[in-house]
Amino acid sequence: MRITRRTSATVAGAALVGLALAACSGGGSGDENTDGGGSGGGDEVEVFTWWAAGSEKAGLDALVGVFGEQHPDTEFINGAVAGGAGSAAKDLLQSRLQAQDPPDTFQAHAGAELQDYIDAAQIEDVSDLYDEFGLTDVFPADLIDRVTAEDGAIYSIPSNIHRANVVWANPTVLEDNGLDPAAEYADLDAWMADLEKLQAAGVTPLSVATTWTQVHLLETVLLAELGAESYNGLWDGSTDWEGAEVTGALEKFETLMGYTNTDRDGLDWPEATQMVIDGNAAFNVMGDWAVAAFEEQDKALGTDFTAFPVPGTDGVFDFLADSFTLPVGAPNPDGAKAWLETVGSLEGQVAFNQAKGSIPARTDTDPSEFSEYQQTAIESFGQDTIVSSLAHGAAAPVATLNAISDATSKFTSGGSDLAAFQSELAAAQG
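> Could you clarify how one ought to interpret the overall build of the protein in this entry?
Looking only at helices and strands, the protein has 17 helices and 12 strands in total. For a compact globule of 430 residues, the expected C-alpha radius of gyration is about 22 Å, and the protein comes in at 21 Å, within 12% of that figure. Each of the three principal axes of the protein carries a C-alpha extent, and together these read 65 × 45 × 35 Å. Out of the 430 residues in the protein, the part that is buried amounts to 58%. Of the contacts made within the protein by residues no fewer than 6 positions apart, 81% connect residues no fewer than 24 positions apart. In the form shown here, the protein has an accessible surface area of approximately 15,500 Å², with 47% of it arising from carbon and sulfur atoms. The positive charge centre, built from 16 side chains, and the negative charge centre, built from 69, are 7 Å apart in the protein.

> What should I look at first to understand the sheet that holds strand S9 (residues 306-309) in this one?
One open sheet holds the 4 strands; their spatial order is S7-S8-S6-S9, and the pairing between them is mixed. Where the open sheet ends on each side, the last strands, each with one partner, are strand S7 (206-207) and S9. Where strand S6 (residues 166-169) meets strand S8 (residues 283-285), 3 bridges bridge the pair, whose relative direction is antiparallel. Along S8, the bridge assignment pairs Trp-168 with Asn-284. Against the sheet, helix H8 (residues 188-200) engages S6, S7 and S8, with an angle of about 135° to S8.

> Sorry, what's going on with helix H13 (residues 333-344) here?
Given 3.6 residues per helical turn, the α-helix brings residues three or four places apart onto the same face. Between its first and last C-alpha, H13 extends 16 Å over 12 residues, near the 16 Å set by a 1.5 Å rise per residue. Of all 12 residues in H13, 12 are buried; the element is thus mostly enclosed. Looking only at H13, the buried set comprises Pro-333, Asp-334, Gly-335, Ala-336, Lys-337, Ala-338, Trp-339, Leu-340, Glu-341, Thr-342, Val-343 and Gly-344.

> It is not clear to me how the pattern of salt bridges should be interpreted in this structure. Could you clarify?
Pairing between side chains becomes possible if they bear opposite charge and their charged atoms approach one another. For the structure shown, the criterion picks out 12 salt bridges. Close ionic contact of Lys-252 with Asp-189 constitutes a salt bridge, the shortest N to O distance being 3.3 Å. Residue Lys-252 is located in helix H10 (residues 244-257), and its partner Asp-189 is located in helix H8; the two are separated by 63 residues in the primary sequence. The class for Asp-189 is partly exposed, based on a relative accessible area of 43%. Across the salt bridge formed by Glu-225 and Lys-252, the nearest N and O atoms sit 3.1 Å from each other. A residue pair is termed long-range when its members are at least 10 positions apart, and Glu-225 in helix H9 (residues 211-236) and Lys-252 in helix H10 qualify at 27 residues. Looking at Glu-225, the relative accessible area reads 29%, which means it is partly exposed. Residue Lys-252 is classed as buried on the basis of its relative accessible area of 17%. When salt bridges that share partners are traced, they join Glu-46, Arg-96 and Asp-101 into one network.

> Honestly, the packing of H9 against helix H16 (residues 398-412) in this entry has me stumped. Any pointers?
Packed helices, taken two at a time, are described by their axes: the angle between them and the distance between them. Between H9 and H16, the shortest axis-to-axis distance is 10 Å and the interhelical angle comes to 115°. In this structure, H9 crosses over H16, and the sense of that crossing is right-handed. Residue-level inspection shows Thr-211, Gln-214, Val-215, Leu-218 and Trp-235 of H9 in contact with H16, the latter providing Leu-401, Ile-404, Ser-405, Thr-408, Ser-409 and Thr-412.

> Got a minute to help me understand the sheet that holds strand S4 (residues 157-158) in this structure?
In sheet architecture, strand pairing relies on hydrogen bonds along the backbone and comes in two forms, parallel and antiparallel. If you walk across this open sheet you meet the 5 strands as S2-S1-S3-S11-S4, and the pairing is mixed. At either margin of the open sheet sits one strand with a lone partner, and together these are strand S2 (75-78) and S4. As paired elements, strand S1 (residues 44-48) and strand S3 (residues 105-109) share 2 bridges and run parallel to each other. Each residue of the ladder has a partner; that of Phe-48, found in S3, is Phe-106. Relative to the sheet, helix H3 (residues 87-98) contacts S1 and S3, its axis offset from that of S1 by approximately 130°.

> Hey, could you run me through the nonpolar core in this one?
Most often, soluble globular proteins have nonpolar side chains that are buried together. With 79 residues, the main nonpolar core has Tyr-130, Phe-139, Ile-157, Trp-168, Phe-319 and Trp-339 as its most contacted residues. In this structure Trp-339 touches Val-45, Val-47, Leu-60, Leu-63, Val-64, Phe-67, Phe-76, Thr-105 and Phe-324, once residues within four positions along its chain are discounted.

> I tried to follow the packing of helix H2 (residues 54-70) against H13 on my own but got confused; where do I start?
H13 packs onto H2 with a crossing angle of 115° between their chain directions and a minimal axis gap of 10 Å. Read as a crossing pair, H2 and H13 show a hand that is right-handed. Seen from H2, the contacting residues are Leu-60, Leu-63, Val-64, Val-66, Phe-67 and Gln-70; seen from H13, they are Ala-338, Trp-339, Thr-342 and Val-343. Taken together, the residues that form the contact of H2 with H13 break down as 8 nonpolar, 2 polar and no charged.

> How do you make sense of the environment of Ser-389 when you look at a structure like this?
If you trace the backbone, Ser-389 turns up in the loop between strand S12 (385-388) and H16. Residues Ser-389 and Asn-165 lie 224 residues apart in sequence; the distance between their C-alpha atoms is 8.9 Å. The residues touching Ser-389, leaving out its near neighbours within four places in the chain, are Ala-164, Glu-219, Tyr-231, Asp-318, Phe-319, Leu-320, Ala-394 and Ala-395. Looking at Ser-389, its side chain comes within polar contact range of the main-chain nitrogen of Ala-391, at 3.5 Å. Among the polar contacts listed, one links the side chain of Ser-389 to the backbone nitrogen of His-392, at a separation of 3.2 Å.

Definitions and cut-offs
- Residues numbered from 1 in each chain as written.
- Predicted model: local features only at pLDDT ≥ 70, side-chain atom pairs only at ≥ 80, totals over all residues.
- Heavy atoms only, no water.
- Helix = DSSP H or I, 4+ residues; strand = E, 2+ residues; numbered from the N terminus.
- Rg over C-alpha atoms; globule rule 2.2 N^0.38 Å.
- Buried < 20%, exposed > 50% of the residue type's maximum accessible area, 1.4 Å probe, protein only.
- Contact = heavy atoms within 4.5 Å.
- Areas by Shrake-Rupley, 256 points an atom, 1.4 Å probe, with all protein chains shown as cover.
- Lys, Arg positive; Asp, Glu negative; His and termini not counted.
- Charge placed at Lys NZ, Arg CZ, Asp CG, Glu CD.
- Pairing = 2+ DSSP bridges.
- Axes fitted to C-alpha atoms, helices over the stretch in contact; angles between N-to-C directions.
- Expected span 1.5 Å × (residues − 1).
- Salt bridge = Lys/Arg side-chain N within 4 Å of Asp/Glu carboxyl O.
- Left-handed = near helix turned anticlockwise from the far one by under 90°.
- Core = buried A, V, L, I, M, F, W, Y, C linked by side-chain atoms within 4.5 Å.
- Nonpolar A, V, L, I, M, F, W, Y, C, P; charged D, E, K, R; others polar.
- Polar contact = N/O pair within 3.5 Å; in protein donor to acceptor, adjacent residues only side chain to side chain.

Taken by themselves, the reported measurements are silent on function.
Structural data, given as structure tokens:
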């Protein structure tokens, strides 16, 4: 479904009907212990994130505001570390955890990314907090399934849900080059035909940035070419990474990279998105945190920008969620539990997601409180086939993602050919 001003009005009504208004408890004080953590330490909380700028910082600030209202006696200590997609933060975090100097809570992507921390016994089971805070009643069952680890425990509380497989476009650039900004592309081939026309006209067809954004593009190409079932098979072993289907997808990825800006490796996602906002590129593939960048600059959906699922992925929601953990040995566990309560609360999720551009994990929010784009995302998450994002920690453990990222960087910088790239991707699965 193309996401425009026209569709969002009908989506809002559909979402209101489709969402269950579940009863929720207000949560407790968070004083009850979980295994491995100490008691007390409720007068402060160090919250470790990579939300240091832009809409991410705005979202964090909004959440901190709610936290201050809900827990006025607990001091918030901002442990944010700048760096694209959290790479710098994750490196520093790992050093601290290995030195047994954990923050009180840290941001991580829900899903497979947490497995390394679980295996290293660095984070605690917070399943009891789901019951204490009433989250089991207000988080959708599919989300609960995706945050439940292999051992049946839950190790984080999501603050939001993001969609990864979104194309952002500048309709003026398209119109100026003879293309229809309302065109609906059935598949990647149809889209690439227009990218070719833009390139011939001297326009950057597709903006991209540093390695993680290239991996983000790669996952959406794999999803478009393989379909949801075979894409999921990449992570459970039922799809052959060295098979012909994957080869075809990688060929499409290689073609798409040929339509991108040559300065990509020196940019991060805000700069790549800004290229579309400024009219210096026609399209960008990025998660829906990008919507906040458009809206911050007073750009209107359907007029100044358009958004639609990556061609070939309509009807599929490429899922990721930011979430917060309770580290083993947290110096202020009660402060951490207070923060986790705010993260999961109705007020916290509304304030945070209004600022960040994501949608709440809770089903008892009012869609009309969110932007036009967010209303479409709420509807899509409720009805589409859901798959897990590779680039954002939901589909594969950190070690696998790191190996895929290294192979992708090598390939896009000319250090390997397609056959070697495919072999390295296969080897990354361990």
